[in-house]
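Inside the fold
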Amino acid sequence: MASTREWFETVEEARRRARRHLPRSVYMSLVAGTEKGLTLRDNVAAFSELRFAPPHIAGLPSARQQATSVLGQEISLPVIASPTGVQAVHPDGELAVARATAGAGTAMGLSAFASRPVEEVAAANPKLFFQVYWSGSKDAIMQRIERARNAGAKALIVTLDWSFSNGRDWGSPAIPEKMDLRAIMRFAPEGLARPGYVRQWLQAGGLPDLTVPNMAAPGQPAPTFFGVYGEWMQTTPPSWADLAWLREQWGGPFMVKGVMRPDDARRCLDLGASAVSVSNHGGNNLDGTPASIRALPAVADAVGSQIEVLLDGGIRRGSDVVKALALGARAVMIGRAYLWGLAAGGSAGVQNVFDVLRGGIDSTLLALGRPSVGDLSPDDVIIPPDFTRGLAK
Ligand SMILES: Cc1cc2nc3c(=O)[nH]c(=O)nc-3n(C[C@H](O)[C@H](O)[C@H](O)COP(=O)(O)O)c2cc1C
């Protein structure tokens with residue numbers, strides 16, 4: 001049992017610990033959010049607008065069931081780790097996330113921009129979904145997905161909601177191309193202010209190298225994050241036919257991440273996707289678009305009976321998960337919540353976040369008198385007028 005000093009009981013406490021532990025540039029690149037941060041804030045604020053139906057007080061279910069499945073994988077709670085590039089957050093990076101999600105009995109999305117090779121991560125959590133962007137030639141994309149398949153990835157996620165906005169009013173942190181002597185000198189003041197972070201990396205063998213091994217061409221060394229970002233910017237965005245091609249090449253369970261509109265969701269259904277995630281990249285796409293939870297009811301209405309509908313964006317507590325399920329999601333994906341847990345306590349910190357969410361889901365189900373996550377419905381939440389901003393139907 002972890003001591004209460006290590007243990008945290010809210011995601012907000014994990015965030016505070018992450019802020020105290022990480023150098024400012026690293027912490028700010030997790031918080032991120034494009035332009036004014038309107039969508040970033042709305043992702044969280046919209047959950048506060050949703051309230052619950054008043055709790056029951058007797059005849060409540062003595063046990064509550066959270067298990068479900070996503071993309072063919074059984075998961076013990078309706079929460080999985082969303083793919084994120086976690087460069088520089090913790091020396092164990094995605095490996096720590098894989099161990100924690102495996103320990104929690106759930107699945108993990110692994111970004112193609114991750115800092116750890118897919119083979120290593122899949123060995124730590126076989127319930128692994130590999131995520132790609134549409135970047136580079138079709139041959140290069142094929143090589144990446146074949147490598148992930150050979151490593152044992154169970155599903156493919158293609159993320160389509162990134163529009164290369166680089167204007168952040170709060171000031172984008174400077175990310176070096178490489179951790180060379182110049183970069184080390186530049187970041188020295190930040191490092192001196194966070195000696196625990198620097199010690200942790202040095203003990204693990206060196207500072208973050210900021211490379212992306214899953215983007216390496218066969219037999220080539222891992223490219224830098226900036227190198228692949230440049231290639232991605234130059235790539236023509238995919239057509240619907242390109243996406244149908246990708247789905248066919250993959251052949252297995254296939255999720256489109258970043259869907260915010262019912263018409264796009266129907267097109268994903270038509271091209272044979274198994275799942276969509278209603279998402280705005282955690283407020284990192286077009287600023288001013290509504291919170292993903294506001295878009296969920298319309299997407300769930302459009303395709304929810306035919307493909308799996310997930311949601312990500314703004315999940316900070318178990319009751320947020322319940323709200324998303326009540327509005328039609330099968331499960332949710334979390335991003336910052338587990339990144340903060342990772343910074344706060346490595347693999348144990350990530351598992352702590354999943355435990356916090358599991359506990360919150362359980363107590364919410366108890367209060368609502370619902371024996372299982374599958375029993376949730378819109379009747380469990382009070383939805384204010386104009387909540388969906390006219391996006392419904
Ligand atoms: C630091 C950071 C890196 C991310 N990297 C990726 C990525 O590589 N691929 C991807 O599909 N989404 C990426 N995302 C988006 C997340 O998968 C997810 O959509 C988002 O974090 C959900 O919002 P939340 O952070 O409020 O939970 C990233 C998000 C953050 C915060």
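Residues numbered from 1 in each chain as written. Predicted model: local features only at pLDDT ≥ 70, side-chain atom pairs only at ≥ 80, totals over all residues. Heavy atoms only, no water.

When pLDDT drops low, the exact placement of atoms in the prediction is not to be read closely. Averaged over every residue, the pLDDT of the protein is 95; the share at 70 or more is 98%. No element of the protein has a lower mean pLDDT than helix α7 (residues 181-192), at 85, and none a higher one than strand β4 (residues 79-81), at 99. (pLDDT = per-residue confidence, 0-100. Helix = DSSP H or I, 4+ residues; strand = E, 2+ residues; numbered from the N terminus.)

Between helix α4 (residues 93-103) and helix α14 (residues 336-368), the least distance of the axes is 7 Å, while the angle of their chain directions is 20°. Here α4 is positioned roughly parallel relative to α14, judged by the angle of their axes. The two elements α4 and α14 cross, and the hand of that crossing is left-handed. Here α4 contributes G93, A96, V97, R99, A100, T101 and G103 to the contact with α14, which in turn contributes Y338, L342, G346, S347, V350, Q351 and F354. (Axes fitted to C-alpha atoms, helices over the stretch in contact; angles between N-to-C directions. Parallel < 35°, antiparallel > 145°, perpendicular 65-115°, else oblique. Left-handed = near helix turned anticlockwise from the far one by under 90°. Contact = heavy atoms within 4.5 Å.)

Lining the immediate environment of the ligand, one finds 22 residues, of which P83, S111, Y133, T159 and D312 sit closest. At 2.7 Å from a nitrogen atom of the ligand is found a side-chain nitrogen or oxygen belonging to Y133. For the ligand, whose free accessible area comes to 610 Å², the fraction covered by protein is 94%. Among the elements of the structure, α2 (24-31) and α14 are those that each provide at least two residues to the shell around the ligand. Residue classes in the shell around the ligand are distributed as five nonpolar, 13 polar and four charged. (Near = heavy atom within 4 Å. Polar contact = N/O pair within 3.5 Å; in protein donor to acceptor, adjacent residues only side chain to side chain. Areas by Shrake-Rupley, 256 points an atom, 1.4 Å probe, with all protein chains shown as cover. Nonpolar A, V, L, I, M, F, W, Y, C, P; charged D, E, K, R; others polar.)

Within the secondary structure, K257 is located in strand β8 (residues 254-259). For K257, a relative accessible area of 5% puts it in the buried group. If we ignore the near neighbours within four places in the chain, the residues touching K257 are S82, P83, I157, V158, T159, L160, D161, S277, S279, H281, D312 and M333. (Buried < 20%, exposed > 50% of the residue type's maximum accessible area, 1.4 Å probe, protein only.)

This paragraph deals with a nonpolar patch on the surface. Judged by side-chain polarity, I184, L202 and L207 come together as a nonpolar surface patch covering roughly 240 Å² of accessible area. Relative to the assigned elements, L202 resides in helix α8 (residues 195-203). (Patch = residues over 30% accessible without salt bridge, like charges linked within 9 Å, V, L, I, M, F, W, Y side chains within 5 Å. Salt bridge = Lys/Arg side-chain N within 4 Å of Asp/Glu carboxyl O.)

This brings us to the packing of aromatic side chains. Any pair of aromatic rings gets described here by the distance separating the centres and the angle formed by the planes. Enumeration according to the criterion identifies 13 aromatic pairs in this entry. Centroid distance F164 to Y229: 5.7 Å. Interplanar angle 70°. Geometry classified as edge-to-face. One end of the pair, F164, is in the loop between β7 (155-159) and α7; the other, Y229, is in helix α9 (residues 225-234), and 65 residues separate them in sequence. Consider the rings of F225 and F226, whose centres lie 5.9 Å apart with planes at 75°: the pair is edge-to-face. Judged by its relative accessible area of 24%, F225 falls in the partly exposed class. Across from the ring centre of W245, 4.7 Å away, lies the NZ or CZ of K138, which sits over that ring. Above the plane of the ring of W250 lies R149, whose end atom (NZ or CZ) is 4.7 Å from the centre. (Phe/Tyr/Trp six-rings, centres within 6.5 Å; stacked < 30°, edge-to-face > 60°. Lys NZ or Arg CZ within 6 Å of the ring centre and 35° of its normal.)

The next point concerns the pairing of strand β10 (residues 308-312). Among the five residues that make up β10, five are buried, leaving the element largely enclosed by the rest of the structure. Burial of the side chains of β10 extends over both faces: E308, L310 and D312 are buried on one face and V309 and L311 on the other. Pairing geometry for strand β9 (residues 275-278) and β10, over four bridges, is parallel. By the bridge assignment, A275 is partnered in β10 with E308. Crossover β9 to β10 through helix α12 (residues 292-303) is right-handed. Alignment of β10 against strand β11 (residues 331-334), held across three bridges, turns out to be parallel. Looking at the pairing, L311 lines up with V332 of β11. (Pairing = 2+ DSSP bridges. Right-handed = clockwise from strand over helix to strand, strands pointing away.)

L246 and I293 are the most contacted members of the largest nonpolar core, which totals 104 residues. For L246, the contacting residues outside a window of four places in its chain are V132, W134, I141, I145, L156, V158 and F254. (Core = buried A, V, L, I, M, F, W, Y, C linked by side-chain atoms within 4.5 Å.)

Moving on, we get to the pattern of salt bridges. Where charged atoms of side chains with opposite charge meet at close range, the side chains can pair. Following the criterion strictly, the structure yields 17 salt bridges and no others. One salt bridge in this structure joins E12 and R16, with 3.7 Å as the shortest N-O distance. Of this pair, E12 and R16 both sit in helix α1 (residues 11-21), four residues apart, which is roughly one turn of that helix. Residue R16 is classed as partly exposed on the basis of its relative accessible area, which comes to 31%.

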